[in-house]
Every structure is written in C-alpha cells, then in structure tokens.
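# Residue-level structure breakdown
Below are the chains, spelled out letter by letter.
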Amino acid sequence: MMKMKKKHDSLLLLPVLVLLLMLSSCYHNRTLPRRLPGNLRFTEQTLDSLSFFSTHHYTNNYNFVVKGDSLMLVRQQPEEQLAGMRTDTFYVYKGDHVVVADIRIVPTDSIDSVWVELANDTSAFGWTHERNMLPKVMPDDPISQFISSFSNIHLIIFLAIVAIFGASYLLWRSMRSKAHLVHFHDIDSVYPTLLCIIVASSATFYATIQMFVPQLWQHFYFHPTLNPFSVPPVLGVFLLSVWAMLIVAIAAFDDVRHKLPAGEAIIYLGSLASVCAVDYIVFSITTLYYIGYPLLVAYIWFALYRHSHNRSRYICGNCGHVLHRKGRCPYCGAWNE
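Calculation criteria
Residues numbered from 1 in each chain as written. Predicted model: local features only at pLDDT ≥ 70, side-chain atom pairs only at ≥ 80, totals over all residues. Heavy atoms only, no water. Helix = DSSP H or I, 4+ residues; strand = E, 2+ residues; numbered from the N terminus. Buried < 20%, exposed > 50% of the residue type's maximum accessible area, 1.4 Å probe, protein only. Contact = heavy atoms within 4.5 Å. Core = buried A, V, L, I, M, F, W, Y, C linked by side-chain atoms within 4.5 Å. Patch = residues over 30% accessible without salt bridge, like charges linked within 9 Å, V, L, I, M, F, W, Y side chains within 5 Å. Areas by Shrake-Rupley, 256 points an atom, 1.4 Å probe, with all protein chains shown as cover. Salt bridge = Lys/Arg side-chain N within 4 Å of Asp/Glu carboxyl O. pLDDT = per-residue confidence, 0-100. Phe/Tyr/Trp six-rings, centres within 6.5 Å; stacked < 30°, edge-to-face > 60°. Pairing = 2+ DSSP bridges. Expected span 1.5 Å × (residues − 1).

Along the protein, the regular secondary structure elements total 11 helices and 12 strands. For the protein, the residues scored as buried account for 38% of the 337 residues in total. Here the contacts in the protein between residues at least 6 apart in sequence split such that 62% fall between residues at least 24 apart.

Turning to the nonpolar core, a few remarks are in order. Nonpolar side chains in soluble globular proteins tend to be buried together. Grouped together as the largest cluster of nonpolar side chains are 32 residues, with contacts concentrated most on Tyr58, Phe64, Val100, Leu118, Met133 and Trp217. With 4 residues, helix H8 (residues 214–222) is the largest single contributor of residues to this core. Excluding residues that lie within four positions of it along the chain, tryptophan 217 makes contacts with Ile147, Tyr206, Ile209, Gln210, Leu235 and Phe238. Listed in part, the 22 residues of the second largest apolar core include Cys196, Val248, Tyr268 and Leu296.

Looking now at a nonpolar patch on the surface. Residues Val282, Ile285, Leu288, Tyr289, Ile291 and Leu295 make up a contiguous nonpolar surface patch of about 530 Å² in total accessible area. If you trace the backbone, leucine 288 turns up in the loop between helix H10 (262–286) and helix H11 (292–310).

Let's shift gears to the confidence of the model for the protein. Confidence along the protein averages 80 in pLDDT terms, with 71% of residues attaining 70 or more. Below pLDDT 50 for its whole length, residues 1–37 participates in 50 contacts with residues either more than four positions away or in separate chains.

Think of a pair of aromatic rings as described by two things: how far the centres are apart, and how the planes are tilted against each other in angle. Tallied over the full model, the rule gives 17 aromatic pairs. When the ring of tyrosine 206 is compared with that of tryptophan 217, the centres are 5.1 Å apart and the planes differ by 80°; the resulting orientation is edge-to-face. With tyrosine 206 in helix H7 (residues 190–212) and tryptophan 217 in helix H8, this pair connects stretches of sequence that are 11 residues apart. The exposure class assigned to tyrosine 206 is buried, which follows from its relative accessible area of 16%. Classification of tryptophan 217 by relative accessible area gives buried; the value is 8%. An aromatic cluster is present here, built from Phe52, Tyr58, Tyr62, Phe64, Tyr221 and Phe222 joined pairwise through their rings.

Let us look at unusual backbone geometry. One non-glycine residue, asparagine 61, lies in the positive phi region at around 70°. Positionally, asparagine 61 belongs in the loop between helix H2 (44–56) and strand E2 (63–66). A positive phi is found at serine 123, a non-glycine position, where the angle reads about 65°. Mapping serine 123 onto the fold places it in the loop between strand E6 (114–120) and strand E7 (125–129).

Our next topic: the pairing of strand E4 (residues 89–93). Consecutive residues of a regular strand have side chains that alternate between opposite faces of the sheet. Residues Phe90 and Val92 line the buried face of E4, whereas the alternating positions Thr89, Tyr91 and Tyr93 sit on a face that is not buried. The sheet contact formed by strand E3 (residues 70–74) and E4 spans 5 bridges and is antiparallel. The partner of serine 70 across the bridge, within E4, is tyrosine 93.

The subject of this paragraph is the pattern of salt bridges. With the rule as written, the count across this model stands at 2 salt bridges. As a salt-bridge pair, aspartate 254 and arginine 257 come within 2.8 Å of each other at their nearest N and O atoms. Pair noted here: aspartate 254 and arginine 257 are both in helix H9 (residues 233–259), with a separation of 3 residues, about one helical turn. Residue aspartate 254 is classed as partly exposed on the basis of its relative accessible area, which comes to 25%. A residue is classified by how much of its surface remains accessible, and arginine 257, at 49% relative accessible area, is partly exposed.

A few words on the pairing of E6. Counting buried positions along E6 gives 7 out of 7 residues, so the element sits mostly inside the fold. Relative to E6, strand E5 (residues 97–105) runs antiparallel, the two being bridged by 7 bridges. Counterpart to isoleucine 105 in the pairing with E6 is valine 114. Relative to E7, E6 is paired through 5 bridges, and the arrangement is antiparallel. Among the inter-strand pairings, tryptophan 115 is bridged to a residue of E7, identified as histidine 129.

Here valine 92 is to be found in strand E4. Residue class for valine 92 comes out buried when judged on its relative accessible area of 0%. Along the sequence, valine 92 and leucine 73 sit 19 residues apart, while their C-alpha atoms lie 7.7 Å from each other. Among residues more than four places away in sequence, those in contact with valine 92 are Val66, Ser70, Leu71, Leu73, Val98 and Asn120.

We now examine H10. Along an α-helix, a turn takes 3.6 residues, which lines up residues three or four apart on a common side. With 25 residues, H10 extends 36 Å from end C-alpha to end C-alpha; this agrees with the ideal 36 Å at 1.5 Å per step. Along H10, the residues that are buried comprise Ala265, Tyr268, Ser271, Leu272, Ser274, Val275, Cys276, Asp279, Ile281, Phe283, Ser284 and Thr286.

So, on to the environment of threonine 286. Inspection of the secondary structure assignment puts threonine 286 in helix H10. According to the relative accessible area criterion, threonine 286 is buried, its value standing at 18%. Residues in contact with threonine 286, not counting those within four places in the same chain, are Ile291, Gly292 and Leu295.

The subject of this paragraph is the environment of alanine 101. Tracing the backbone shows alanine 101 in strand E5. In this structure the C-alpha to C-alpha distance between alanine 101 and alanine 119, which are 18 residues apart in sequence, comes to 6.2 Å. In this structure, alanine 101 is in contact with Asn60, Glu117, Leu118 and Phe125, ignoring residues within four places of it in sequence.

See the structure below:
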C-alpha cells in the first residue's frame, strides 16, 4: 500500500496571481489626495464643496447613469419651484448618462435642502432633490454598477430562491447517484472547500462593513477600485478576499476538470456554485443580526472536518485508483493493506 502524494498545483497559479495584481494596480483612483500642501488656501466655495464631498461622496462634474425608469428634472431654479411659480420639466430615462452641473443647499426647503442640477448628453439642464436622484442613478463606473445591481433587493430574493432550490435539487440528485458533492462526497482537492470558506467569510465581512462603517462602503461605492493597497485596511482586507475568491475558483475549476469526467465535473461545479450562493446569502443576512459570526466559526470547523474525512489518503496498488481507506478496492476488487 502506498501513501498518495498531493499534487502541488500552486506553482501553476503564480503567473495568474501576478497578472491579476498587475491589472488591479493599473486602476486609476479618483479619490482626493490625502495630503495637501500646507500653504494652500481655499475659497469659501471650495471649502463648501470639499465638505459636501466628504459627506455625500460626490461633487460637481461627477458622472451618473440613470438606473430607474425615469427621473424628472425642473428647468427653473429651486427657489422658483419652492415659490410656486410655473416651471417646466423634462425627463431623463434609464441608461441615460448625466453629469452633476451644480449643487445648491436650500435651507428653506422642508422636503430636502439639497438640490442637484444635472445635465444630459443633449446639454439640457435640470434640478431635482438629492433624495429623488440617488435611488434612481448609479455612478458611471462598471464596479459601482455591479455593486448596485448585486445589491438590488429583488435580485437578492431571486438568487436566494434559485440557490436554495438549486442546491436542494443537486444535493438530492447527488445523494441518490452517489455523485461527488462538496462537504459530503467530495473529491480529493482542498480548493472547493477553501472556496466555500472564503465566500462565507467574505459575505460576513461585507455585512460587517455595512453595519459598522457604512460611510466607508458608501465612499467606496462612489469611488471604487480593485487595488486592495489603495484603500483603508478594512476595505483592503475585503478586496483581498475577493481576489482570493477568484484565484481559488480558478484553481478549483482546474482541479475538478482533471479529477472528474466531463459530465460529473459539470454536476459537481454546479453543486459547488449553488453551495457558494447559499453561503453568500445565508452569511450576508445572518451577520446583520450577529448570528453570522458564531455560524461562520461553526461552518469553517464543519468544512475542514468534512474535508479531512473526504480526503483520499491512499492509492490502489493494483489499478492506481485513489482510495479513502484501506481494504478492498471498489474499482478492481484488489485487497489493500
């Protein structure tokens, strides 16, 4: 009987990791510089703009994309609208690009004191309340748009339903056919288990940021980056977990492709994706009620425990198939001691 030697595929992932880090470091960070020259003097208008930026995370010349069905804009000044004068309106529609032309604070407005003037690509200018604008627009950046789409409550509910039913069906089919399934009848690879743990941890960390430092996440939403070394440490850790998730997912896909036939690999990868989806939904929601923290510890222990029992420690001395334990080989019938 021979001990099975693990394959060290990590060296094959090194070029991928280097390439990803190089790409992430090329992203242009649009946030304000942290340090300014000591002899620099600002006008009152500039100071007001900086103060507004620090709390609202956008300012003049910031680009948005309309994500709501439509957004109504008033051509006249806010004071004319508040005075009850006749005003003209026009609409910008879903997918339109708009830019912030001006921001005005109107203390006498009891509904919302912040008015924002937007300009569309036809050079039409119009005003709207900030409270009306923000739910219907998103930053003109692909990362921000992904965050906005993924944070949509309807999408989350849909994903939750699909993930739960999909995972239940795949679990049932896998149990009946004794197919490979992460955590239960797993293949001899650490990457699927590690991917599930990273997804669960990232979801917990994401919800933690939303609860305790929402302004930090809000600023990241308006000024996103994929470089974990250009953001505060809390966000840096989260971005590193996202990069780790991508790298481990590639490694898991490659390992599954080599260890299972094509049909079984597709079923296994589908079940793995469903488990990851359930992990994301469960831990991102339960963490909001503080249940996610002990649940994460228990899940990590369970995942590692199951992996240690599913790991193949031996190979058959007759046919070369991997075995979980000594005894009769289920493939050729040879006895291994």
